[in-house]
Structures are given as C-alpha cells and as structure tokens.
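Chain by chain, the residues:
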Amino acid sequence: MAREIVRTNECWWVAFSKQTGDITRLTEVHMGTERVFRAPDVADGVPEGGHDRPMGLSLWTKTGSIPDNNTGVLSSFADIHTAPRHLAETPTGVTVSAERRKMRLVVTYSLPMGNKPLKVLARLENHGAAAAPYQFECFYQWLIPEAAWPQTVYSIPGLAPRSLFPFGELYFRGGANMAPPAAWWQTGTTSGVVIRAVRGVKKYFVGVQMPSFIMGPHSECVVLPPGRVLQMEFEIIPLRMAMQEGCFQDKEKLEKELRAGDEKRRALASAIGGVKAWCAHKPPAIRRRSIHLTTQYSPSGID
C-alpha cells in the first residue's frame, strides 16, 4: 500500500505522507531537481518535532508563553501537533485535518493545473477550548547537495543575505516582522525556491546545521478564544518562475551584497580551529522517554 499521495502539474511534482501530511518530496518539473531533505529515520529516538515525524516540509502548531530565543516562534508544541492526521484527496491537491479537545487543524495544499505554484493554507479552529496563544511554524528542511552547499545563498526579510559555508556552522535566526518573499538559490543560476506570503505570515526564519538547511515562515501569534480561527497562507515557487513573474527581482543585487560580507566571514573562519567538527558532528540518538527535554542553541553563526 502506498505511503504517499502524489500530485503534479507543469511546475511541481509533490508527494505527501499519509501518516503526517508532511511534504516528503517536492520535485521541480522543469529541472527535475528534488528539493526536500529526507534524512533516515532515527532508530528508537526522538527527532526535533516529536515522535515518528518524517523529515521534509513539516507544518507545526505551537503554543505556550515562551518564544524561542533565536527564531521568535513559540517554544511549546500544541496538543493537536500529535493528533492523528486524516488526509483527503481533492482534484488539485490534498487536505490534511486533525481534531483533539475541541481544536481542529486543517492544512490545504493546492496545486492548480498548468504552470502554477504550490499553495499552502493552514487553519486552526477553536470549537470550545480555553483561550490560549497559538502560532504556526513551517519547519521546512531543504535538500542542498554537499557539492552545492558553498554555492547556496539564502535571503529572508530583515537579515542580510548569507551563503552556506562548506566548513559548517550553527545558525538559527528569525527575520523582521515583514512578509516579502524569502528565497534560497545556487549562485549564478536560476535553481532555487521562493516562498511568497499571501496572508497571516509574520516573518521567516532560517536554521543551519550541516547537513540540514531550514527555511520557512511563521504565522502571527494569536490568543485564540472559542469561535476564532488562526490562518496562514503562502506559495512555494521555483526561483526561475518567481523571477519571470517579477515577484523576486533582487537576486543579482543580493549576490553582490553577500560577497562583501562572505570575505570577512571566511577570514574569521580560517582563524577558528575545529569549527567544522563542532558544528557538523552527528548528534547521539535520544532514547524515547516520557519527557523530552531540549536546550536552547546559540543564535550566532561564524560572524
């Protein structure tokens, strides 16, 4: 029995996990390039995001009163994060839903016919639960081949453009409270991905810890009383298409800007011994247990 539901148009070939609703494969049709990072499952371990979560493009529901020091998103997972998912196929995509304790989560993925981007709409509905803060976080892990790592650039509103360094670094940070497009790409090419906000996006964030590169949007943080809805909507677009449509026009300017900053970072990196071993080591497996404790990491990269 197939573990995935597949949808395609002239732009994207997309596979969704039947277990979680995560995007487990996203292939750009024009280039035949896979964009989703799929790490092997951790044997008897607890990955970031909880039990049994496939690596890929995963939308999380957060709650609590303490924001992450680095990215600004709420730190705690909402109860509905681990509720069973139900997938329903639609003519142009997939709808993922979950319900628990009078809360209902609905994530709609639409892939219209023709050369169109992938549209994502997330809704959290309160049908009688106590009012509490909620926020969406898109923990999107992108596939960057090792050979292409040092040629990869990323840009999110509010932060200077940066490139991924072959020595590795540990860097997690949120951008400014604005919603122009965020993007990552290979320098000198039109190979990359753009995320364009439609509504409800507060900011974007990035996370770098080789071999993982994470970039995605956060929703607004909203105290959700009964009868109210939290929504976030955005599009995932191939860089080539975004440039043709004029929604991402600063590529050449950003590449020029980052070259100046990269020279300084490279000089600093060469003076710090052991940074690759420290940043890129394989962490030990975390055994399953009733309480999952984590520590906060530093927001600072090599600069």
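Everything below is about the structure shown above.
Residues numbered from 1 in each chain as written. Predicted model: local features only at pLDDT ≥ 70, side-chain atom pairs only at ≥ 80, totals over all residues. Heavy atoms only, no water.

**Focus: the overall build of the chain**
Here's step 1: On a plain count of helices and strands, the chain comes out with 3 helices and 20 strands.
Here's step 2: A separation threshold of at least 6 residues defines the contact pool for the chain, and within that pool the share at least 24 residues apart is 62%.
Here's step 3: Put simply, the chain shows about 14200 Å² of open surface, and 55% of that area lies on carbon and sulfur atoms. (Helix = DSSP H or I, 4+ residues; strand = E, 2+ residues; numbered from the N terminus. Contact = heavy atoms within 4.5 Å. Areas by Shrake-Rupley, 256 points an atom, 1.4 Å probe, with all protein chains shown as cover.)

**A closer look at the environment of Leu254**
Here's step 1: Within the fold, Leu254 resides in helix H2 (residues 251-270).
Here's step 2: For Leu254, a relative accessible area of 11% translates into the label buried.
Here's step 3: Along the primary structure Leu254 and Ala160 are separated by 94 residues, whereas in three dimensions their C-alpha atoms are 8.4 Å apart.
Here's step 4: Here Leu254 is in contact with Ser155, Pro161, Trp185 and Phe248, once residues within four sequence places are set aside. (Buried < 20%, exposed > 50% of the residue type's maximum accessible area, 1.4 Å probe, protein only.)

**A closer look at the packing of aromatic side chains**
Here's step 1: Under the criterion given, the structure shown has 9 aromatic pairs.
Here's step 2: A centroid spacing of 6.0 Å and a plane angle of 80° characterise the contact between Tyr140 and Trp142, whose relative ring orientation is edge-to-face.
Here's step 3: We classify Trp142 as buried; its relative accessible area is 0%.
Here's step 4: Taken together, the ring pairs connect Tyr140, Trp142, Tyr154, Trp184, Phe213 and Phe234 into an aromatic cluster.
Here's step 5: The ring of Phe77 carries the charged tip of Lys62 above its face, separated from the ring centre by 4.8 Å.
Here's step 6: A cation sits over an aromatic face here: Arg162 above Tyr171, 3.7 Å from the ring centre. (Phe/Tyr/Trp six-rings, centres within 6.5 Å; stacked < 30°, edge-to-face > 60°. Lys NZ or Arg CZ within 6 Å of the ring centre and 35° of its normal.)

**Some thoughts on the sheet that holds strand S20 (residues 229-238)**
Here's step 1: With antiparallel pairing, the 9 strands of this open sheet are ordered in space as S7-S8-S9-S10-S20-S16-S15-S12-S13. A strand with exactly one partner marks an edge of an open sheet, and here the two such strands are strand S7 (86-90) and strand S13 (162-163). (Pairing = 2+ DSSP bridges.)

**Regarding the pairing of strand S6 (residues 74-77)**
Each regular strand carries side chains that alternate between the two faces of the sheet.
Here's step 1: Where strand S5 (residues 57-67) lies against S6, 3 bridges are found, and the strand directions are antiparallel. Its bridge partner being in S6, Pro67 is matched across the sheet by Leu74.
Here's step 2: Counted along the chain from S5 to the antiparallel partner S6, the turn is 6 residues long, and its residue Gly72 has a positive phi close to 90°.

**A short note on the nonpolar core**
Here's step 1: In terms of nonpolar packing, the biggest core is built from 66 residues, with Leu26, Leu118, Trp142, Phe213 and Ile236 touching the most fellow members.
Here's step 2: The leading source of residues in this core is strand S11 (residues 132-142), at 6 residues.
Here's step 3: Beyond its immediate sequence surroundings of up to four residues, Leu26 is in contact with Trp12, Trp13, Val14, Thr33, Glu34, Arg35, Val36, Leu57, Leu118, Trp142 and Ile236.
Here's step 4: Within the second largest apolar cluster, 6 residues are counted, among which are Phe139, Phe172, Phe205 and Ile214. (Core = buried A, V, L, I, M, F, W, Y, C linked by side-chain atoms within 4.5 Å.)

**Looking at the environment of Leu164**
Here's step 1: With respect to the helices, strands and loops of the structure, Leu164 is situated in the loop between S13 and strand S14 (170-174).
Here's step 2: Linking Leu164 and Ala148, residues 16 residues apart in sequence, is a C-alpha distance of 9.1 Å.
Here's step 3: Once residues lying within four places of it in the same chain are set aside, the contact partners of Leu164 are Ile144, Trp149, Pro150, Thr152, Tyr154, Val208 and Phe213.

**Notes on the side chain of Gln135**
Here's step 1: Within the secondary structure layout, Gln135 lies in strand S11.
Here's step 2: The exposure class of Gln135 is buried, given its relative accessible area of 2%.
Here's step 3: Polar side-chain contacts of Gln135 include one of 3.0 Å to the backbone nitrogen of Leu74.
Here's step 4: Within the structure, the side chain of Gln135 is placed 2.9 Å from the backbone oxygen of Ser219, a separation counted as a polar contact. (Polar contact = N/O pair within 3.5 Å; in protein donor to acceptor, adjacent residues only side chain to side chain.)

**Description of unusual backbone geometry**
Here's step 1: For Arg101, which is not a glycine, the phi torsion comes out positive at approximately 50°.
Here's step 2: Its place among the elements puts Arg101 in the loop between strand S8 (93-100) and strand S9 (103-110).
Here's step 3: What makes Arg101 exposed here is its relative accessible area of 62%.
Here's step 4: Residues other than glycine seldom take positive phi values, yet Lys102 does so here, at roughly 70°.
Here's step 5: Within the secondary structure, Lys102 sits in the loop between S8 and S9.

**Quick notes on the pattern of salt bridges**
Here's step 1: Applying the stated criterion across every chain yields a total of 16 salt bridges.
Here's step 2: In this structure, Arg100 and Asp79 form a salt bridge, with 3.5 Å as the shortest nitrogen-oxygen distance. Taken together, the residues Arg100 in strand S8 and Asp79 in the loop between S6 and S7 connect sequence positions 21 residues apart.
Here's step 3: The residue Glu233 makes a salt bridge to Arg199 at a minimum N-O spacing of 2.8 Å. With Glu233 in strand S20 and Arg199 in strand S16 (residues 192-199), this pair connects stretches of sequence that are 34 residues apart.
Here's step 4: Classification of Arg199 by relative accessible area gives partly exposed; the value is 39%. (Salt bridge = Lys/Arg side-chain N within 4 Å of Asp/Glu carboxyl O.)

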